[in-house]
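What the coordinates show
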Amino acid sequence: MPRLTSKTALVVGATGLVGNALTHRLLDSSAYEKVKVLVRHSLGWQHPRLQEIQYDFEHPNGLLVQADDIFCCLGTTMKKAGSREAFKKVDYQYPLDIAKRALVNQAQQFMLVSSMGADPRSSFFYSRVKGNLERDLKALNYPALLIFRPSLLVGDRKEFRLGERISEGLMKVWNPLIPSKYKAVRAESVANAMYQKAQAELSGTHIFESDQLQNF
């Protein structure tokens, strides 16, 4: 393996579909000397360059949010959250708090898994929350803000989501007729896109739509 750089990555949401794939991708590369993950519970596996940080999102400690590149893969569902308020806390407030604290600690890049259709003016609550987060992250003026907007994510989930299983099945049947922008995208492709774009030394805000993530 090539000599490691001195950069540090921090993954938020490492137990999720994209976050898990991304954490492995980061550890398989030589781009980062250390890969930190903010978790409520242990991932259950180890790596010499992996640092697990037990983190209470309800009582955040800004001193723990230190890295050059922040990869935010946090997300839940309305069913799992239980209410609009709880959903907004996970998909809006937690990521924004992390972004603010990381920027104070000199983070250079913030990578966000958002969603296709994110728009603060959307009539759909889910898309509106995602859009509000994108808007408020842009206002922080990160040196580099990279936003990834996948369509339906597919992969091996630890939890069973009936609605998504049904949607995956329908997409497989109708896939040849679906415009590329709306086709399901594998979590590994999103993770690879996040990793590769983070190494591109971009500046300013960049948004990557779902059809741009298919071939990573």
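1. Notes on the pattern of salt bridges
- Evaluation of the coordinates by the stated rule reveals 8 salt bridges.
- In this structure, K89 and E58 form a salt bridge, with 3.5 Å as the shortest nitrogen-oxygen distance. On the criterion of sequence distance, the pair formed by K89 in helix α3 (residues 84–104) and E58 in the loop between β3 (50–54) and β4 (69–72) is long-range, its members being 31 residues apart.
- Since its relative accessible area comes to 44%, E58 is described here as partly exposed.
- The salt bridge involving K130 is made with D91; its shortest N-O contact spans 2.6 Å. Highlighted residues: K130 in helix α4 (residues 125–138) and D91 in helix α3, separated in sequence by 39 residues.
- Under the relative-accessibility criterion, K130 is labelled buried at 4%.

2. Quick notes on the environment of L74
- Considering the arrangement of structural elements, one finds L74 in the loop between β4 and α2 (78–81).
- A C-alpha to C-alpha distance of 9.2 Å links L74 and V18, two positions 56 residues apart in sequence.

3. Observations regarding the packing of aromatic side chains
- Applying the stated criterion across every chain, the model contains 7 aromatic pairs.
- Ring centres 5.0 Å apart and planes at 75° place the aromatic pair Y55 and F57 in the edge-to-face group.
- Residue class for Y55 comes out buried when judged on its relative accessible area of 5%.
- A cation sits over an aromatic face here: K88 above Y92, 5.6 Å from the ring centre.

4. Here's the deal with α3
- Taking 1.5 Å as the rise per residue, α3 with 21 residues should run 30 Å; its terminal C-alpha atoms sit 29 Å apart, in good agreement.
- The principal kink in α3, of about 35°, is found at V90.
- Here α3 has its buried residues at F87, V90, D91, Y92, Y94, P95, L96, D97, I98, A99 and A102.
- Taken together, the buried residues of α3 touch β1 (8–12), β2 (34–39), β4, α2, β5 (109–113) and α4.
- Two residues or fewer past α3, Q106 is found with a positive phi of approximately 75°.

5. Some thoughts on the sheet that holds β2
- If you walk across this open sheet you meet the 7 strands as β3-β2-β1-β4-β5-β6-β9, and the pairing is parallel. Each end of this open sheet is capped by a strand with a single partner; those strands are β3 and β9 (204–209). Between one strand axis and the next, the sheet turns by 15° as a mean value, whatever way the strands run.
- Two elements, β5 and strand β6 (residues 144–149), share 5 bridges in a ladder whose sense is parallel. What sits directly across from V113, in β6, is F148.

Definitions and limits used
- Residues numbered from 1 in each chain as written.
- Predicted model: local features only at pLDDT ≥ 70, side-chain atom pairs only at ≥ 80, totals over all residues.
- Heavy atoms only, no water.
- Salt bridge = Lys/Arg side-chain N within 4 Å of Asp/Glu carboxyl O.
- Helix = DSSP H or I, 4+ residues; strand = E, 2+ residues; numbered from the N terminus.
- Buried < 20%, exposed > 50% of the residue type's maximum accessible area, 1.4 Å probe, protein only.
- Phe/Tyr/Trp six-rings, centres within 6.5 Å; stacked < 30°, edge-to-face > 60°.
- Lys NZ or Arg CZ within 6 Å of the ring centre and 35° of its normal.
- Expected span 1.5 Å × (residues − 1).
- Bend = angle between axes of the 7 residues up to and from the residue.
- Contact = heavy atoms within 4.5 Å.
- Pairing = 2+ DSSP bridges.
- Axes fitted to C-alpha atoms, helices over the stretch in contact; angles between N-to-C directions.

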